[in-house]
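Survey of secondary and tertiary structure
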Amino acid sequence: MATSTTNLDSRPVRNTDRDPRRVGFSQKLGRWDVKLSPYLYISPFFVLFAVVGLFPLAYTAYVSMHQWHLIGGEGKFVGFENFAFVVQQPNFWRALRNTFSIFLLSSVPQVIFAILLAAVLDANLRARSFWRMGVLLPYVVAPVAVSLIFSKLFGDQSGMINALLNKVGLDAVRWHADVLASHVAISTMVNFRWIGYNTLIFLAAMQAVPRDLYEAAILDGAARFRQFISITIPMLRPTLIFVIVTSTIGGLQIFDEPRMYDQFGQGGSDRQWMTVTMYLYELGWGSQKSFGRAAAVAWILFLIIVAVGIVNFSITRRIATDSAPKSGRKAKR
């Protein structure tokens, strides 16, 4: 019986260099490109945000933990001593009160009037482009110029506002002496400059609302006011949240208007309108020249803004959700 032998050496040798199953360098590079390209495209934003956002925030926290003089530089580590010093100062609480007062007197009417003006500009008006450009003109004016003009208008002795009040038989208001009067004057400057800017933001959002919703509402017999409440406001929820959050940040960081409200820039003789940012400036560049305490004020203000922003976001989201049209919900069911 013949036996067959297998020659192991006669087996074909596979060329590993030409193996189609082996991934080449170009293929690996292509896979890496697909995986890494999206992150590389968005990386400039995060790099810029880390440089101009996170790093100053972290460095401010580091400075707030030290005795840091404007001229002498970094001193010894003191922990939370700067924070304890700040919260024990009456001027800080007075500045915080003034900041919230001016913020409420400016941000709330600012958002309300901006929505109403946007609704008017969204209607069929003659020369709509002219009116839309007109509401943005106050935003173009420099804040310093606005502050100087309005400080003269609200002058205690020779201001035009008091002159008009005297014409109608009313007593003159001490715009630079009384706390509430000074806050009203400063909030008027803020509203004058920012209402037009927010109006155009709301107008852009209103123009993106589908017109079919308004046509259906008209067929159902809804009036203009009902359309505005049940369709426009709920559809503006993302824009409304954005405007309220940005207004909160800007309102609590207000500096230019109260700083230029009088020639001294100290917030009044009794600090009637001194804000938190003005108090921060006084600590860092005033008589104390303490960067550590100024940094502590900056971090306290940052935490306050975050807290108020979260509260505003929650309230705005709940109001917009509750005011959504119920007919759409029933139709889905």
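Quick summary incoming for the structure in this document. (Residues numbered from 1 in each chain as written. Predicted model: local features only at pLDDT ≥ 70, side-chain atom pairs only at ≥ 80, totals over all residues. Heavy atoms only, no water.)

All right, on to the overall build of the chain then. In terms of regular secondary structure, the chain is built from 15 helices and two strands. Looking at the chain as a whole, 35% of its 333 residues qualify as buried. Sequence separation of 24 or more characterises 67% of the internal contacts of the chain that already satisfy a separation of 6 or more. Of the roughly 21400 Å² of accessible surface on the chain, a fraction of 64% belongs to carbon and sulfur atoms. (Helix = DSSP H or I, 4+ residues; strand = E, 2+ residues; numbered from the N terminus. Buried < 20%, exposed > 50% of the residue type's maximum accessible area, 1.4 Å probe, protein only. Contact = heavy atoms within 4.5 Å. Areas by Shrake-Rupley, 256 points an atom, 1.4 Å probe, with all protein chains shown as cover.)

Turning our attention to the side chain of H183. On the secondary structure map, H183 appears in helix α8 (residues 179-207). Here Q272 takes part through its backbone oxygen, which lies 2.8 Å from a polar atom of the side chain of H183. Beyond its immediate chain neighbours, meaning those up to four positions away, H183 contacts N98, S101, I102, L105, Q272 and W273. (Polar contact = N/O pair within 3.5 Å; in protein donor to acceptor, adjacent residues only side chain to side chain.)

Another point: the nonpolar core. Among soluble globular proteins, nonpolar side chains are generally buried collectively. Core analysis: the biggest nonpolar cluster contains 22 residues, and V86, L252, Y279 and V297 have the highest contact counts within it. Examining the composition of this core, we find that eight residues originate from one element, helix α14 (residues 291-322), more than from any other. Counting residues in hydrophobic clusters, the runner-up holds 16 residues, among them V111, A114, L236 and V243. (Core = buried A, V, L, I, M, F, W, Y, C linked by side-chain atoms within 4.5 Å.)

Right, let's talk about the pattern of salt bridges for a bit. For the coordinates displayed, the defined rule picks out three salt bridges. Here R174 and D178 are joined by a salt bridge, their closest N and O atoms 2.8 Å apart. For D178, a relative accessible area of 27% corresponds to the partly exposed category. When the shortest N-O distance is used, the salt bridge between E282 and R271 registers 3.6 Å. In this pair, E282 is assigned in helix α13 (residues 276-285) and R271 in the loop between α12 (256-259) and α13, connecting sequence segments 11 residues apart. A residue is classified by how much of its surface remains accessible, and E282, at 27% relative accessible area, is partly exposed. Taking the relative accessible area as the measure of exposure, R271 reaches 17% and is therefore buried. (Salt bridge = Lys/Arg side-chain N within 4 Å of Asp/Glu carboxyl O.)

This next bit is on the packing of helix α9 (residues 211-219) against helix α10 (residues 224-235). For the pair α9 and α10, the least separation of the axes is 11 Å and the interaxial angle reads 160 degrees. Here α9 is positioned roughly antiparallel relative to α10, judged by the angle of their axes. Judged by the twist between their axes, the crossing of α9 over α10 is right-handed. On α10, the residues that touch L213, Y214, A217 and I218 of α9 are Q227, I231, T232 and M235. (Axes fitted to C-alpha atoms, helices over the stretch in contact; angles between N-to-C directions. Parallel < 35°, antiparallel > 145°, perpendicular 65-115°, else oblique. Left-handed = near helix turned anticlockwise from the far one by under 90°.)

Here α8 is 29 residues long and its end C-alpha atoms lie 41 Å apart, about the 42 Å a rise of 1.5 Å per residue gives. Along α8, the sharpest kink reaches roughly 35 degrees, centred on W194. (Expected span 1.5 Å × (residues − 1). Bend = angle between axes of the 7 residues up to and from the residue.)

What follows covers the packing of helix α3 (residues 90-122) against helix α11 (residues 237-252). At a minimum axis separation of 9 Å, α3 and α11 run at an interaxial angle of 150 degrees. Taken together, the axes of α3 and α11 are roughly antiparallel relative to one another. Judged by the sense of rotation from one axis to the other, the crossing of α3 with α11 is right-handed. Contacts from T99, F100, F103, S107, Q110, V111 and I115 in α3 reach L240, V243, I244, S247, T248, G251 and L252 in α11. Broken down by class, the residue content of the contact of α3 with α11 amounts to eight nonpolar, six polar and no charged. (Nonpolar A, V, L, I, M, F, W, Y, C, P; charged D, E, K, R; others polar.)

Take T277: it is sitting in helix α13. According to the relative accessible area criterion, T277 is buried, its value standing at 14%. At 2.5 Å, the side chain of T277 and the backbone oxygen of I254 are in polar contact. Of the polar contacts made by the side chain of T277, one reaches the side chain of T275; its length is 3.2 Å.

On to unusual backbone geometry. Residues other than glycine predominantly adopt negative phi, and peptide bonds predominantly adopt the trans conformation. The phi angle at R271 is positive, at roughly 60 degrees, despite the residue not being glycine. Look at K289: it is not a glycine, yet its phi comes out positive at around 55 degrees. Along the chain, the position of K289 falls in the loop between α13 and α14.

If you walk through the whole model with that rule in mind, you get 22 aromatic pairs. Where F154 meets W175, the ring centres are 4.8 Å apart and the plane angle is 75 degrees; that geometry is what we call edge-to-face. Of the two residues, F154 sits in the loop between α6 (143-153) and α7 (160-167) while W175 sits in the loop between α7 and α8, which places them 21 residues apart along the sequence. Each member of the pair, F154 as well as W175, is classed as buried. (Phe/Tyr/Trp six-rings, centres within 6.5 Å; stacked < 30°, edge-to-face > 60°.)

Let's shift gears to the pairing of strand β1 (residues 66-69). A one-sided burial pattern is seen for β1, the buried positions being H66 and W68 and the unburied ones Q67 and H69. As paired elements, β1 and strand β2 (residues 73-77) share three bridges and run antiparallel to each other. Opposite H66, over in β2, you have F77 as the bridge partner. The antiparallel hairpin formed by β1 and β2 contains three residues in its connecting segment. (Pairing = 2+ DSSP bridges.)

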